[in-house]
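Architecture and fold: a report
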Amino acid sequence: MKKVRQLNFEILRIIAMLMIVCLHYLGKGGALVPVTEEFGLNGYIAWLIEAFCLVSVNIYVLISGYFGSGSTFSLRKIGRIWLQVLFYSVVIGIIMLTVMGMWKCMDIYTIFGYVFPVVTEHYWFATAYLLLYVLMPFLNAGFEMLEQKIVKRIIILLVVFSSVAKSLLPMDLPLDKAGYDVLWFICLYLTGAYIREYRIGLLKRRLHGLILYVACSVLTFAGMLVLRALYFEKGMFYDMLTYTYSYNHILCFMGAVGLFIACDRRGARAENWDAKVGVGKRMIYRIAGATFGVYLIHEHVNLRYWWPGIAECEVYAQGSTVGFLLHMAITVLVVFTVCAVIEIVRQMVFRQIELLWITKERNKDANKEK
């Protein structure tokens, strides 16, 4: 089945990547005050924004499940993703090492990190996503073959095993990777596929989804504050102060599902809404198609702490609240825009190279036939 892009989810994809950049601004820019320390107003605001943006990674995988379950497997697609990851890993590494004059510090492990970015988890998301993509044919076949009630039970069991257990038990579980693994991505993928095929009974209205997203984000923030208060008062839960801030925490999972449902337009309403956008639709599709590249660029091992340092994120986080929020909004937009433009140019260049190669191969075949 051919994948049909939907404008609402392309916009959601862009929003999700903006949230991811925001998470990196807060986390790697030093804006998140350690929860064991006293907060100022900016500290509370930073952790609250973090709670609302935390669903972004889950959203990205839910979109993959929503559309991936209705598409055919493609080795070429895997090859393109792998080549894209390798390209940015190597090229940005060479540029940064040259600019920063760090060639003398090179060792075999650094080289392996650049040349084998997937197996070394240079980008953890890319590693988990590629593994998920390899498993997609099996997941899709099982989803199509099994009855709805069976699929539903499997998803519930996966959520209980991967999310509910870690959310309720006050201890570190050996198999808990906080959502940084392919098992959690499988759970999200199947959930996205289920929403596409059957919807969710309790969330049939988009407003209900939006309310769920806001409620779960607020509860994520509140959960941290409660654990923090217990820590300050009785010295408890030191290792669990940010436990609610996990991709596979039940609050993050439900919040992501809620926001996803809130953006799910179908049928005539979706078509009418798409028609209203008009000229901007092609630009939105182009930007949405560049979002993975935005991640690969700004989260490169040599850039992930470099750009927050250049932008002086920590300095602004310690200043006025208005200045902090304004600086965060501008920085996130600038980083996203610059990276998106670079990725769009890369796509154009690679597309031309691919067309030249295809033309060359066709000419060879034509000459052989003569």
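Residues numbered from 1 in each chain as written. Predicted model: local features only at pLDDT ≥ 70, side-chain atom pairs only at ≥ 80, totals over all residues. Heavy atoms only, no water.

1. Looking at the overall build of the protein chain
- Within the protein chain one finds 16 helices and 0 strands.
- Its C-alpha radius of gyration of 22 Å places the protein chain within 12% of the 21 Å reference for a compact globule of 370 residues.
- Its C-alpha atoms give the protein chain principal-axis dimensions of about 85 × 60 × 45 Å.
- In the protein chain, which comprises 370 residues, the proportion classed as buried is 46%.
- Excluding contacts between residues fewer than 6 apart, the proportion of contacts in the protein chain whose partners are at least 24 apart in sequence is 85%. (Helix = DSSP H or I, 4+ residues; strand = E, 2+ residues; numbered from the N terminus. Rg over C-alpha atoms; globule rule 2.2 N^0.38 Å. Buried < 20%, exposed > 50% of the residue type's maximum accessible area, 1.4 Å probe, protein only. Contact = heavy atoms within 4.5 Å.)

2. Structural notes on the packing of helix α3 (residues 56–68) against helix α6 (residues 124–145)
- Viewed as axis vectors pointing N to C, α3 and α6 meet at an angle of 25 degrees, and their least axial separation amounts to 11 Å. As far as their axial angle goes, α6 and α3 are roughly parallel. Handedness of the α3/α6 crossing: right-handed. Residue-level inspection shows V57, Y60, V61, S64 and G68 of α3 in contact with α6, the latter providing W124, F125, Y129, L132 and N140.
- Class assignment for the residues of the contact of α3 with α6 results in 7 nonpolar, 3 polar and no charged. (Axes fitted to C-alpha atoms, helices over the stretch in contact; angles between N-to-C directions. Parallel < 35°, antiparallel > 145°, perpendicular 65-115°, else oblique. Left-handed = near helix turned anticlockwise from the far one by under 90°. Nonpolar A, V, L, I, M, F, W, Y, C, P; charged D, E, K, R; others polar.)

3. A closer look at the nonpolar core
- Counting 105 residues, the largest nonpolar core has L26, I59, F125 and F185 as its most contacted members.
- The leading source of residues in this core is helix α1 (residues 7–28), at 13 residues.
- Setting aside residues up to four positions removed in sequence, I59 forms contacts with L12, A16, A256, L259 and F260. (Core = buried A, V, L, I, M, F, W, Y, C linked by side-chain atoms within 4.5 Å.)

4. Quick look at the confidence of the model for the protein chain
- Scored by pLDDT, the protein chain has a mean of 88; 91% of the residues are at 70 or more.
- Per-element mean pLDDT across the protein chain ranges from 57 in helix α11 (residues 267–277) up to 97 in helix α13 (residues 291–298). (pLDDT = per-residue confidence, 0-100.)

5. Points about the packing of helix α7 (residues 148–168) against helix α8 (residues 182–198)
- Running from amino to carboxyl end, α7 crosses α8 at an angle of 145 degrees, the nearest separation of the two axes being 10 Å. Taken as a pair, α7 and α8 cross one another with a handedness that is left-handed. Touching Q148, V151, K152, I155, L158, V159, F161, S162 and S163 of α7 are L183, W184, C187, L190, T191, Y194 and Y198, all from α8.
- Of the residues in the contact of α7 with α8, the class split is 11 nonpolar, 4 polar and 1 charged.

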